[in-house]
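Architecture and fold: a report
Here is how the chains run, residue by residue.
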Amino acid sequence: MDATVAATAPAEPPFLKRYIKCFLLVALVMIVPVIIIGVTIGMVAAMAFPFGLMAGLFASTGDGRRVAWRLLPVLVIGAVASAATTGTWWWVLVLGVTGAVVGYLCTQGWAVAIIEVAICTTTADPVSGWKDMVLYALFCVLGYVAGIFLARLAGAPEDRRETPITLLRPARAAIVGAIALAATGALAGPTNWSKMFWFPMTFLILLEYLVGRDQGGWKMVGYRFIGTLLGVVILVPIMAQLPGVARFIGIIAALAAGLAISNDRYWLGAAFITVGVVLFSGIGQDPLNVAQQRWVAIIAAGAVLLVTAVALNTWVKIGPREVVAAAKDTVSPAPIA
C-alpha cells in the first residue's frame, strides 16, 4: 500500500528548480515591493508590508483563507496598538492582550493563523505620530490581503480540514498566553534595542511548532536553535563582509535558499533564513550586533517557551477523562431502528 502511494506521488522538483522559483518569489513578491514602497512612501510602510504579506500567506495555507479573512480585524487593531506602544510598558500590556487572544484561538483550531497574525502585529519598530501609526497598520493590512490572494494562487484551500477535538482549556490557555507573551515584552524592554520585537516574534515562531497543526514539535524547535546559531556565528560574519549591492543580492539568495531547502533540512534552511532576516532588518546597523541580539532573543524566547509548555501540559491540558467525555459529545447518536 505504502509503496503504491509512494510510486504514484508526484516527484519532488529538483533543488535548482525550487531555488529559482523561491528566488523569484522573494525578489518579485517581497523585496521589489518593499523597495518601491520605501522609495515612494517611506520606511515605516516598507517594513510593515512584508510582515503583513507573510502573515496572510501562512495564515491562509495553515488554517484556510476563510479563517485568515476573519482575523483581519485582529490584525488592524493589533498593528495600531503595537505601533503606538512599541518599547514602552504599554507595549507589554498590548502583548499580554495579544497573548490572551492567541491562547484562546489556539484552542479553537486557529493556532497557525492567529500566531501568524500576532507575529505581524508585534513586529513594529518604535513609531511616533498618529500618521505613521496609521500608515504602519494600513500597509500591514495591504500586505496581509496580498498574502491571502497569493495563497489562493498557490492553491491554499478556502477551509482546512475539520478541526479536531481541542486538548486545551480555552480560559486557561488565554491566561498562559497573556503571561507568556507579556513576559517576552518585559524581557525586551530593558535592552532598549532597535529591534525589541525579536523577543515576542521569536517566542511566537517557536510556539507555533508546539501548538500548530502538523508543525513538528520540539524537534523543530531544536532545529530552529541549531539553524539560528549557525546563521549568527558563521553566515552573518561572512556575508557582512560583502559590499552593498552584493550584500543585497546575498540577502535575496539566502532567503531563497532557506525556503527551498527547509522541507529537506530545516536546520540549514533556518540558518539561511536567519542571515537573510538579520541583514535585511538590520540595514544601516552593525550586522554583527543585530545577529547577537537575534541569538539572545531566541535564548530568552526558548526559556519562556519551556515554562509555557509546562503550564500547557500540567494546568491547561484537558485530562484523559475529559477527552473521552468530549469525544462522546461529538459522536452523533445512532438512528433509531
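The structure contained in this document is the topic of the report that follows. (Residues numbered from 1 in each chain as written. Predicted model: local features only at pLDDT ≥ 70, side-chain atom pairs only at ≥ 80, totals over all residues. Heavy atoms only, no water.)

1. Here we look at the pattern of salt bridges
Counted under the stated rule, the structure contains 5 salt bridges. The partner of Asp-264 in a salt bridge is Arg-18, and the shortest N-O contact between them spans 3.1 Å. Residue Asp-264 is found in the loop between α12 (244–261) and α13 (266–281), and its partner Arg-18 is found in helix α2 (residues 15–40); the two are separated by 246 residues along the sequence. Residue Glu-158 is joined to Arg-66 by a salt bridge in which the shortest nitrogen-to-oxygen separation is 3.8 Å. One end of the pair, Glu-158, is in the loop between α8 (130–153) and α9 (170–188); the other, Arg-66, is in helix α4 (residues 65–70), with 92 residues separating them in the sequence. On the basis of relative accessibility, which here comes to 31%, the residue Glu-158 falls in the partly exposed class. A cluster of three or more residues bridged by salt bridges with shared partners is formed by Arg-65, Arg-66, Glu-158 and Asp-159. (Salt bridge = Lys/Arg side-chain N within 4 Å of Asp/Glu carboxyl O. Helix = DSSP H or I, 4+ residues; strand = E, 2+ residues; numbered from the N terminus. Buried < 20%, exposed > 50% of the residue type's maximum accessible area, 1.4 Å probe, protein only.)

2. Remarks on the side chain of Thr-98
By the secondary structure assignment, Thr-98 is in helix α6 (residues 89–106). Every residue in contact with Thr-98, bar those within four places of it in the chain, is listed here: Ala-118, Thr-121 and Leu-181. (Contact = heavy atoms within 4.5 Å.)

3. Structural notes on the packing of aromatic side chains
Summed over the entire model, instances satisfying the criterion amount to 8 aromatic pairs. The interplanar angle of 75 degrees and the centroid separation of 6.0 Å between the aromatic rings of Trp-69 and Phe-149 together place this pair among those described as edge-to-face. Taken as a pair, Trp-69 in helix α4 and Phe-149 in helix α8 lie far apart in primary sequence, 80 residues in all. The exposure class of Trp-69 is partly exposed, given its relative accessible area of 34%. Relative to Tyr-266, the ring of Tyr-209 has its centre 6.0 Å away and its plane inclined at 85 degrees; by these criteria the two rings are edge-to-face. Of this pair, Tyr-209 sits in helix α10 (residues 198–211) while Tyr-266 sits in helix α13; the two residues are 57 residues apart in sequence, bridging distant segments of the chain. In terms of burial, Tyr-209 and Tyr-266 fall into one category: buried. Put simply, the rings of Phe-15, Tyr-19 and Phe-23 pair up and form one aromatic cluster. (Phe/Tyr/Trp six-rings, centres within 6.5 Å; stacked < 30°, edge-to-face > 60°.)

4. Concerning the nonpolar core
With 82 residues, the main nonpolar core has Leu-71, Ile-115, Tyr-144 and Phe-203 as its most contacted residues. The element that contributes the greatest number of residues to this core is α10, accounting for 9 residues. In this structure, Ile-115 is in contact with Val-102, Cys-106, Leu-204, Leu-207, Glu-208 and Val-211, ignoring residues within four places of it in sequence. (Core = buried A, V, L, I, M, F, W, Y, C linked by side-chain atoms within 4.5 Å.)

5. Some thoughts on the packing of α2 against helix α3 (residues 43–63)
Look at α2 against α3: their axes get within 8 Å of each other, and the N-to-C directions meet at 155 degrees. Considered as vectors, α2 and α3 are oriented roughly antiparallel to each other. At the point where α2 passes α3, the crossing takes the right-handed sense. Contacts between α2 and α3 pair Val-29, Met-30, Pro-33, Val-34, Ile-37 and Gly-38 from the former with Met-43, Ala-45, Ala-46, Phe-49, Pro-50, Leu-53 and Met-54 from the latter. (Axes fitted to C-alpha atoms, helices over the stretch in contact; angles between N-to-C directions. Parallel < 35°, antiparallel > 145°, perpendicular 65-115°, else oblique. Left-handed = near helix turned anticlockwise from the far one by under 90°.)

6. Considerations on a nonpolar patch on the surface
Among the surface-exposed residues, Leu-16, Ile-20, Leu-24, Leu-28, Val-32 and Ile-36 lie close enough to one another that they form a single nonpolar patch of about 570 Å² accessible area. Secondary-structure assignment places Ile-20 in helix α2. Here Ile-20 falls in the partly exposed class, since its relative accessible area comes to 44%. (Patch = residues over 30% accessible without salt bridge, like charges linked within 9 Å, V, L, I, M, F, W, Y side chains within 5 Å. Areas by Shrake-Rupley, 256 points an atom, 1.4 Å probe, with all protein chains shown as cover.)

7. Overview of α6
For α6, spanning 18 residues, the distance from its first C-alpha to its last is 26 Å, which sits close to the expected 26 Å at 1.5 Å a residue. Taken together, the buried positions of α6 are Trp-91, Val-92, Val-94, Leu-95, Gly-96, Thr-98, Gly-99, Val-102, Gly-103, Leu-105 and Cys-106. Buried residues belonging to α6 abut α5 (72–85), α7 (111–121), α9 and α10. Between the side-chain oxygen of the N-cap and the backbone nitrogen of Trp-90 there are 3.2 Å, and the N-cap of α6 in question is Thr-88. (Expected span 1.5 Å × (residues − 1). Polar contact = N/O pair within 3.5 Å; in protein donor to acceptor, adjacent residues only side chain to side chain.)

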